[in-house]
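# Structure assessment
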Amino acid sequence: MEEITDGIWAEPDGVTPEIYESVRKSVGMEEYKREDVEIALKHTLFSVVVWEKDRPVGIGRVIGDGRVAFFIKDVAIVPDRQGKGIGTLVMEKLMEYIRSAGADNAYAGLMSLNGKEEFYKKFGFHVRPYQNEGSGMTQYMDRQANGTLLI
């Protein structure tokens, strides 16, 4: 744990299912079943929680193969602490991890929420399409009531 300023500190690999759910819910992000959250967190390469006194106020995590491809997920800051440098601290910690673990020319990606692109540009990310890169693409999986996976 590293105290950054009065009462603000960063805890590496501190995201628990409870913290994950509460911070994400506070900003209106998608909610998942607890067992799915537990599995996802088990497969996280690195995470960080920023605390203000005894309250988690920001989270972020890195997933990927641990060497060549990294993806930043779940950067979320509780609403009353947004604009106070907490998101910057989260991203600095995530990028420190990626730089220390990644191979030469490793790839780091993320999907920005609408309107947050300028924030991520401060950390060297660019909006796609860019130069010889095409557009990023996503697909969300959903299940019908009978359990059949819809793609």
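All of the points below concern the structure found in this document.

### Points about unusual backbone geometry
Here the amide bond leading from R128 into P129 is cis, since omega sits at 0 degrees, within 30 degrees of zero. Residue position: P129 is located in the loop between α4 (117–121) and β7 (142–143). Of note, the phi angle at D13 is positive, near 55 degrees, even though the residue is not glycine. Tracing the chain through its elements places D13 in the loop between β2 (8–12) and α1 (17–26). Note on D13: relative accessible area 51%, which makes it exposed. The phi dihedral of N105 falls on the positive side, at around 65 degrees, and the residue is not glycine. Note that N105 resides in the loop between α3 (86–101) and β6 (107–110).

### As for the pairing of strand β5 (residues 69–77)
Bridge count for strand β4 (residues 55–64) against β5 is 6 bridges, and the pairing is antiparallel. Bridge pairing links I59 to A76 in β5. From the end of β4 to the start of β5, which pair antiparallel, there are 4 residues, and G66 there has a positive phi angle of about 85 degrees. The pairing of β5 with β6 spans 4 bridges and is classified as parallel.

### As for the nonpolar core
The tendency in soluble globular proteins is for nonpolar side chains to be buried side by side. Core analysis: the biggest nonpolar cluster contains 36 residues, and I59, I72, M91, L94 and F125 have the highest contact counts within it. Elements with a minimum of two residues in this core: β2, α1, α2 (34–42), β3 (46–52), β4, β5 and α3. Per element, the largest residue contribution to this core is 9 residues, and it comes from α3. Each residue touching I72, except ones within four places of it in the same chain, is listed here: R61, M91, L94, M95, I98, G109, L110 and F125.

The rules behind each value
Residues numbered from 1 in each chain as written. Predicted model: local features only at pLDDT ≥ 70, side-chain atom pairs only at ≥ 80, totals over all residues. Heavy atoms only, no water. Helix = DSSP H or I, 4+ residues; strand = E, 2+ residues; numbered from the N terminus. Buried < 20%, exposed > 50% of the residue type's maximum accessible area, 1.4 Å probe, protein only. Pairing = 2+ DSSP bridges. Core = buried A, V, L, I, M, F, W, Y, C linked by side-chain atoms within 4.5 Å. Contact = heavy atoms within 4.5 Å.

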